[in-house]
Amino acid sequence: MDLHNLGVIAAGLAAAGAAVGGGIGNGVLISQFLAGMSRQPELESRLLSRMFLGVALVEVMPILSIVFAFMLMGK
Amino acid sequence: MDLHNLGVIAAGLAAAGAAVGGGIGNGVLISQFLAGMSRQPELESRLLSRMFLGVALVEVMPILSIVFAFMLMGK
Amino acid sequence: MDLHNLGVIAAGLAAAGAAVGGGIGNGVLISQFLAGMSRQPELESRLLSRMFLGVALVEVMPILSIVFAFMLMGK
Amino acid sequence: MDLHNLGVIAAGLAAAGAAVGGGIGNGVLISQFLAGMSRQPELESRLLSRMFLGVALVEVMPILSIVFAFMLMGK
Amino acid sequence: MDLHNLGVIAAGLAAAGAAVGGGIGNGVLISQFLAGMSRQPELESRLLSRMFLGVALVEVMPILSIVFAFMLMGK
């Protein structure tokens, strides 16, 4: 692996974007799960299953970006 | 593939932007679906269908950006 | 270690992204735990366990990004 | 120390990310502590202890990023 | 001081991060102090003292980043 190539910077950028998108996206999403659970505790299991649906949707783009990072770094 | 060209950095930037936009956008959107569902649980199915409409709209630009990233990297 | 290579910039980028994603994501998440706890103090232990589930989900991408940073820097 | 190397830019990036993640993350977190305290002033000490737990969790990634910044700069 | 070295870019990045983190973090924090004070005006002095505790915690990382900026620039 030649570290003078520019692919490693691209990998760093893609990993940074994935961390920001996945971290903040999940944080905002799950924060409202906690808020809903504190309002209606009896809905917890239904809210939890929808929350995981949401986590999956949030993670689509960050996971694609991490895959990009691996592809760019591994070359 | 020549890793000394600048296209790979552009691909990394595009992937990072897609991850940030898709992750945070979906996180905020779906968090309010959970908030609405905990307030009016009987509206869940209607809220869910609108949420998916919202997810589709949120993803338009991140998907375009990922497509860009593939085009820029594959050269 | 040759600091003229570009891997160190990539490591800095990945570490910065992890700090932003992990910091803001956890901040937003735990802030709603405090809000829920001040609304229903008797739910505290259940909210706390879900909060830690959320912290784990939030940290997935930042931790991956930190691992990337180490890999890119250590070369 | 040779300031023409690229490690200093990496250090600056990592420090910037730590400042953004730690600052905004803690700001959002502690703002909800104030909101909860103004709603239920008698819960203040319990909220305060959980807030410090949250500050610790928020700071994990920014502190890692600052450590990265020192490592990258000190070389 | 040789302004053609890369340290000045690093200093600019670190200072920018400090401004973003400190500015937004404190803004969110103090906004909830105002919200809490408008809800329970008699709690003002206690909220104010906790707000300053919060400002101190918010500023930890931005101040570290500014110190980094001085170190990187002063070389």
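Since the structure is predicted, the reported quantities are computational estimates derived from the model, not experimental observations.

> Describe in detail the overall build of chain A, supporting the description with residues and values.
In terms of helices and strands, chain A carries 2 helices and 0 strands. Taken over C-alpha atoms, the radius of gyration comes to 17 Å for chain A, far larger than the 11 Å a tight globule of 75 residues would show. With respect to the three principal axes, the spread of C-alpha positions in chain A is 55 × 15 × 15 Å. Taken across its 75 residues, chain A has 72% of its residues classed as buried. On chain A, roughly 2,100 Å² of surface is accessible, and the fraction owed to carbon and sulfur atoms is 69%. Charge-centre separation for chain A: the mean point of 4 positive side chains lies 10 Å from the mean point of 4 negative side chains.

> Provide a residue-level description of the packing of aromatic side chains, including the pertinent values.
Tallied over the full model, the rule gives 4 aromatic pairs over all chains. Consider the rings of Phe-70 of chain C and Phe-68 of chain D, whose centres lie 4.8 Å apart with planes at 70°: the pair is edge-to-face. With Phe-70 of chain C in helix 2 (residues 44-74) and Phe-68 of chain D in helix 2 (residues 44-74), the pair connects residues from two separate chains. Owing to a relative accessible area of 0%, Phe-68 of chain D belongs among the buried residues under this scheme.

> How would you explain the interface of chain B and chain A if you had to name every residue and give the values?
Many structure descriptions define interface size as the accessible area lost when the parts assemble. Each side of the interface is counted separately: chain B has 42 residues, and chain A has 39 residues. For the chain B and chain A pair, buried surface summed over both sides reaches about 3,300 Å², with 78% attributable to carbon and sulfur atoms. Viewed at the interface, chain A and chain B are joined by 2 salt bridges. Among the salt bridges present, the one from Arg-50 of chain A reaches Glu-44 of chain B, with a minimum N-O distance of 2.2 Å. Summed over the shared surface of chain B and chain A, the result is 5 residue pairs in polar contact (both at pLDDT 80 or more). Residue assignment for the side of chain B that touches chain A shows that the elements contributing at least two residues are helix 1 (7-39) and helix 2 (44-74) of chain B.

> Please set out the UniProt feature "transmembrane region" (unreviewed entry) in chain A residue by residue, giving values where relevant.
Residues and elements named next belong to chain A. The feature "transmembrane region" (unreviewed entry), as given by UniProt, occupies residues 6-30 and 51-73 in the numbering adopted here. Counting secondary structure, residues 6-30 comes out at 96% helix and 0% strand; the distance between its end C-alpha atoms is 36 Å. Spanning residues 51-73, this segment combines 100% helix with 0% strand, and its end C-alpha atoms are found 32 Å apart.

> Just give me the short version of the interface of chain D and chain E, but keep the residues and values in it.
Listed as interface residues are 43 residues of chain D and, on the opposing side, 39 residues of chain E. Buried surface at the junction of chain D and chain E, summed over both partners, amounts to about 3,300 Å²; 78% is from carbon and sulfur atoms. Inspection of the chain D/chain E interface yields 5 residue pairs in polar contact (both at pLDDT 80 or more). Those elements that place two or more of their residues in the side of chain D that touches chain E are helix 1 (7-39) and helix 2 of chain D. Residues of the side of chain D that touches chain E, tallied by class, amount to 30 nonpolar, 10 polar and 3 charged.

> Describe a nonpolar patch on the surface, with residues and values.
Together, Phe-70 of chain A together with Ile-63, Val-67 and Met-71 of chain C line one region of the surface with nonpolar side chains, adding up to about 330 Å² of accessible area. Ranked by residue count, the leading element in the nonpolar patch is helix 2 of chain C, at 3 residues.

> Any chance you could break down the UniProt feature "domain: V-ATPase proteolipid subunit C-like" (unreviewed entry) in chain A for me, citing the residues and the numbers?
Here the UniProt-annotated "domain: V-ATPase proteolipid subunit C-like" (unreviewed entry) positions come out as residues 9-72 of chain A. With 94% helix and 0% strand, residues 9-72 of chain A has end C-alpha atoms that lie 9 Å from one another.

> A description of helix 2 (residues 44-74) of chain A should follow, citing residues and the corresponding values.
Look at helix 2 of chain A: 43 Å from first C-alpha to last across 31 residues, which is about the 45 Å you get at 1.5 Å a residue. Maximal helix bending in helix 2 of chain A amounts to about 40°, located at Val-60 of chain A; proline Pro-62 of chain A follows within four positions.

> An account of the pattern of salt bridges is requested, with residue identities and associated values reported.
Under the counting rule described, the total for this entry stands at 8 salt bridges over all chains. Two residues, Arg-46 of chain E and Glu-44 of chain D, come together in a salt bridge whose shortest N-O distance is 2.5 Å. With Arg-46 of chain E in helix 2 (residues 44-74) and Glu-44 of chain D in helix 2, this residue pair bridges two chains. By relative accessible area, which is 8% here, Glu-44 of chain D ends up buried.

> Kindly report on the packing of helix 1 of chain D against helix 1 (residues 7-39) of chain E, identifying the contributing residues and their values.
When two helices pack together, their arrangement is given by the angle between their axes and by how far apart the axes lie. The interhelical angle for the contact between helix 1 of chain D and helix 1 of chain E, taken along N-to-C directions, is 5°, at an axis separation of 7 Å. The orientation of helix 1 of chain D relative to helix 1 of chain E falls into the category roughly parallel. Here the contact of helix 1 of chain D with helix 1 of chain E is composed, by residue class, of 22 nonpolar, 12 polar and 2 charged.

> Tell me what's going on with the layout of surface pockets, and back it up with residues and numbers.
Of the pockets and cavities examined, the largest pocket occupies roughly 210 Å³. Contributing to the lining of the largest pocket are 15 residues, with Ala-16, Gly-17 and Val-20 of chain C together with Leu-13 and Gly-17 of chain D lying nearest its centre. Among the elements of the structure, helix 1 (7-39) of chain A, helix 1 (7-39) of chain C, helix 1 of chain D together with helix 1 of chain E are those that each provide at least two residues to the lining of the largest pocket. Classifying every residue of the lining of the largest pocket by side-chain character gives 12 nonpolar, 3 polar and no charged.

> Go over the environment of Met-71 of chain A with me, naming the residues and quoting the values.
Among the structural elements, Met-71 of chain A can be located in helix 2. A residue is classified by how much of its surface remains accessible, and Met-71 of chain A, at 30% relative accessible area, is partly exposed. If we ignore the near neighbours within four places in the chain, the residues touching Met-71 of chain A are Phe-70 and Met-73 of chain B.

> Can you break down helix 1 of chain C residue by residue, with the values?
End to end, helix 1 of chain C covers 48 Å across 33 residues, agreeing with the expected 48 Å (1.5 Å per residue, within 8%). Where burial is concerned, most of helix 1 of chain C is hidden: 32 out of the 33 residues are buried.

> Describe the side chain of Gln-32 of chain D, listing the residues and the values that go with them.
Summarising the element assignment, Gln-32 of chain D is placed in helix 1. Contact partners of Gln-32 of chain D, with chain neighbours within four places excluded, come to Ser-31, Gln-32, Leu-34 and Ala-35 of chain C together with Gln-32 of chain E.

> Please set out a positive patch on the surface residue by residue, giving values where relevant.
Taken together, the side chains of Arg-39 of chain A, Arg-39 of chain B, Arg-39 of chain C, Arg-39 of chain D together with Arg-39 of chain E make up a positively charged region of the molecular surface. Note that Arg-39 of chain D resides in helix 1.

Reading the values: the criteria
- Residues numbered from 1 in each chain as written.
- Chains lettered and ligands numbered in written order.
- Predicted model: local features only at pLDDT ≥ 70, side-chain atom pairs only at ≥ 80, totals over all residues.
- Heavy atoms only, no water.
- Helix = DSSP H or I, 4+ residues; strand = E, 2+ residues; numbered from the N terminus.
- Rg over C-alpha atoms; globule rule 2.2 N^0.38 Å.
- Buried < 20%, exposed > 50% of the residue type's maximum accessible area, 1.4 Å probe, protein only.
- Areas by Shrake-Rupley, 256 points an atom, 1.4 Å probe, with all protein chains shown as cover.
- Lys, Arg positive; Asp, Glu negative; His and termini not counted.
- Charge placed at Lys NZ, Arg CZ, Asp CG, Glu CD.
- Phe/Tyr/Trp six-rings, centres within 6.5 Å; stacked < 30°, edge-to-face > 60°.
- Contact = heavy atoms within 4.5 Å.
- Buried area = accessible area lost by both parts, 1.4 Å probe.
- Salt bridge = Lys/Arg side-chain N within 4 Å of Asp/Glu carboxyl O.
- Polar contact = N/O pair within 3.5 Å; in protein donor to acceptor, adjacent residues only side chain to side chain.
- UniProt positions renumbered as here; feature names shortened; annotations may be inferred.
- Nonpolar A, V, L, I, M, F, W, Y, C, P; charged D, E, K, R; others polar.
- Patch = residues over 30% accessible without salt bridge, like charges linked within 9 Å, V, L, I, M, F, W, Y side chains within 5 Å.
- Expected span 1.5 Å × (residues − 1).
- Bend = angle between axes of the 7 residues up to and from the residue.
- Axes fitted to C-alpha atoms, helices over the stretch in contact; angles between N-to-C directions.
- Parallel < 35°, antiparallel > 145°, perpendicular 65-115°, else oblique.
- 1 Å grid on protein atoms, 1.4 Å probe; cavity = no way out; pocket = protein on both sides within 12 Å on 5 of 7 lines; lining within 4 Å.
- Points joined across faces, edges and corners; volume = space filled by probe spheres on them.

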